[in-house]
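Overview (structure and organization)
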Amino acid sequence: MQQWTLECRRLGKRFGERWVFRGLELELATGAMLVVRGANGSGKSTLMKLIAGLLAPTEGAVALRCEGGAVSDRTRFLGWCAADGALYRELTGYEHLRWWAQVRGLPDDRDALMAQLDRFELAPRAHDWVRAYSTGMRQRLRMAIATYGDPPLLLLDEPDAGLDASGLKLLRQVLDEQTRRGIALFATNRVECAAWGDLALELGA
Amino acid sequence: MGVATVVGVGFAALGQTLSAGLQAGLFWVAVLFGMFPALARGFIVEEETGTADLLRVAARPASVFWGKWLFHATLYLLLSGVLVPLYALLVAPIAGHGGAWLLLWLGGGFCLTSVLTLCGALVAQTTVRGALLAGLTFPLLLPLMLMLIAGSRQAIEGVFPAEPLQGVFGYALALSAGGAWVFEKVWRE
């Protein structure tokens with residue numbers, strides 16, 4: 001198993017005059033699951049986006065390392081799922097996953113894609129348009145996309161939003177599996193989910 | 001918009017003989033007007049529907065740039081398929097030096113596609129899209145339009161437009177080298 005490390009050094013983000021957070025130090029290695037907590041507006045999503053490379057930090061740096069060596073484009077090595085992350089409504093769930101697989105250079109054969117959708121209990125509705133999916137089904141599809149290809153770094157921004165009891169059980173499984181092969185960061189406001197991680201970061205405290 | 005422009009110009013110029021310069025100018029203005037709505041289909045829709053972040057995580061910036069470029073190039077091809085015959089029918093025949101017209105169409109299409117792709121990406125990330133679009137595209141499109149119109153005028157007159165074509169293809173080279181690089185800098189904040 002490869003050893004991955006995620007490092008945040010003196011990380012800070014400012015929007016206008018307001019610092020969302022500043023001087024954040026973080027180091028996570030393979031096997032770690034960090035739960036990020038905090039009130040609305042405390043910067044959970046901002047932190048996730050900074051780590052994903054979707055936002056540039058105002059100060060400090062984020063680095064992903066594999067066996068000690070820095071990875072130049074960490075976006076290629078992460079799975080990302082945000083509750084407000086949009087999906088292409090004109091695609092079916094199957095087409096969405098196939099698109100992701102093709103763009104990322106992952107296996108795009110029917111069996112592999114259907115197996116992934118089946119894992120998230122989406123196989124019966126695989127060929128329905130995403131716009132016909134419920135909130136929970138969209139969230140399951142986001143997770144199916146984020147975890148396809150077993151990325152070493154998994155960033156889940158409030159993935160529990162809209163999930164029912166079986167969806168939450170599935171989410172727990174996903175996180176447990178991730179810690180066996182890489183690093184998981186999981187932002188939530190749900191009390192029962194906040195206890196899942198072995199590490200916790202409270203933002204805005 | 002391109003079709004409306006050609007039809008409008010066609011009716012306005014009905015029964016008149018247009019000069020070569022005017023014909024060339026109207027042709028490229030119609031193409032430009034037709035291509036502008038493509039801006040919204042490229043990056044602005046991605047930002048407005050929120051799928052831009054998914055795209056940022058999914059693919060390398062260069063892949064996104066050239067993917068959108070191909071989309072705009074396909075639109076240019078389809079638009080030309082409609083506009084060129086309509087223009088020839090309603091305004092003036094595409095006459096003169098055929099080879100020069102083809103090169104101008106190719107070079108002009110490459111440049112228009114590149115400028116619109118790049119400007120679309122820049123504009124999509126702001127909230128003042130209308131004003132910024134005008135401000136950004138004007139300095140990038142003006143020299144291109146002048147070269148294309150000058151070249152087309154010469155082509156209509158049966159002269160091979162060597163200098164305007166050099167300019168257009170030089171511009172295309174600069175855009176292909178710089179476009180993807182600039183895009184990479186702005187795509188991920």
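Residues numbered from 1 in each chain as written. Chains lettered and ligands numbered in written order. Predicted model: local features only at pLDDT ≥ 70, side-chain atom pairs only at ≥ 80, totals over all residues.

1. Re the overall build of chain A
As a reminder of what qualifies: Elements are defined by DSSP. Helices are runs of H or I of four residues or more, strands are runs of E of two residues or more, and each kind is numbered from the N terminus. The quantity called the radius of gyration is restricted to C-alpha atoms. Its globule counterpart is 2.2 Å times the number of residues to the power 0.38. Counting other C-beta atoms within 10 Å of each residue's C-beta, where C-beta atoms are placed from the backbone, gives the exposure class: buried for 20 or more, exposed for 12 or fewer, partly exposed between. Throughout, a residue-residue contact means that the two C-beta atoms, derived from backbone geometry, are no farther apart than 7 Å.
Secondary structure assignment for chain A yields 6 helices and 9 strands. In terms of overall size, chain A behaves like a compact globule, its C-alpha atoms giving a radius of gyration of 17 Å where 205 residues would be expected to give roughly 17 Å. By principal-axis analysis of the C-alpha atoms, chain A measures approximately 45 × 35 × 30 Å. Buried positions account for 38% of the 205 residues belonging to chain A. Sequence separation of 24 or more characterises 71% of the internal contacts of chain A that already satisfy a separation of 6 or more.

2. Focus: the confidence of the model for chain A
Quick reminder of the rule: The pLDDT value expresses, per residue, how confident the predictor is, ranging between 0 and 100.
In this model, chain A carries an average pLDDT of 90, and 100% of its residues clear a pLDDT of 70 or more. Averaged pLDDT values for the elements of chain A fall to 77 in helix 6 (residues 191–194) of chain A and rise to 95 in helix 3 (residues 110–119) of chain A.

3. Points about the nonpolar core
Residues and elements named next belong to chain A. Stated precisely, the cut-off is as follows: Any set of buried Ala, Val, Leu, Ile, Met, Phe, Trp, Tyr and Cys residues joined through C-beta atoms within 7 Å is what this text calls a nonpolar core.
Counting residues in each nonpolar core, the largest one holds 50 residues, and the members touching the most others are Ala144 and Leu155. Among the elements that take part in this core, helix 4 (residues 135–147) stands out by supplying 6 residues, more than any other. When near neighbours in sequence (up to four residues on either side) are disregarded, Ala144 contacts Leu97, Gln116, Leu117, Phe120 and Leu122.

4. A closer look at the sheet that holds strand 1 (residues 4–15) of chain A
Residue and element names in this part refer to chain A. The test is simple: Strand pairing is defined by DSSP finding a minimum of two bridges between the two strands. Only C-alpha atoms enter the line fits that serve as axes; for helices the fit covers just the stretch in contact. Angles between N-to-C directions range over 0 to 180 degrees.
Pairing in this open sheet of 4 strands is antiparallel, and the strands run 2-1-4-5 from one edge to the other. Looking at the sheet topology across the chains shown, the edges are occupied by strand 2 (18–29) and strand 5 (69–70). Pairing between strand 1 and strand 4 (residues 59–66): 7 bridges, direction antiparallel. Its bridge partner lying in strand 4, Gly12 is registered against Glu59. The strands that helix 1 (residues 44–52) touches are strand 1, strand 2 and strand 4; relative to strand 1, the one it contacts most, it runs at about 125°.

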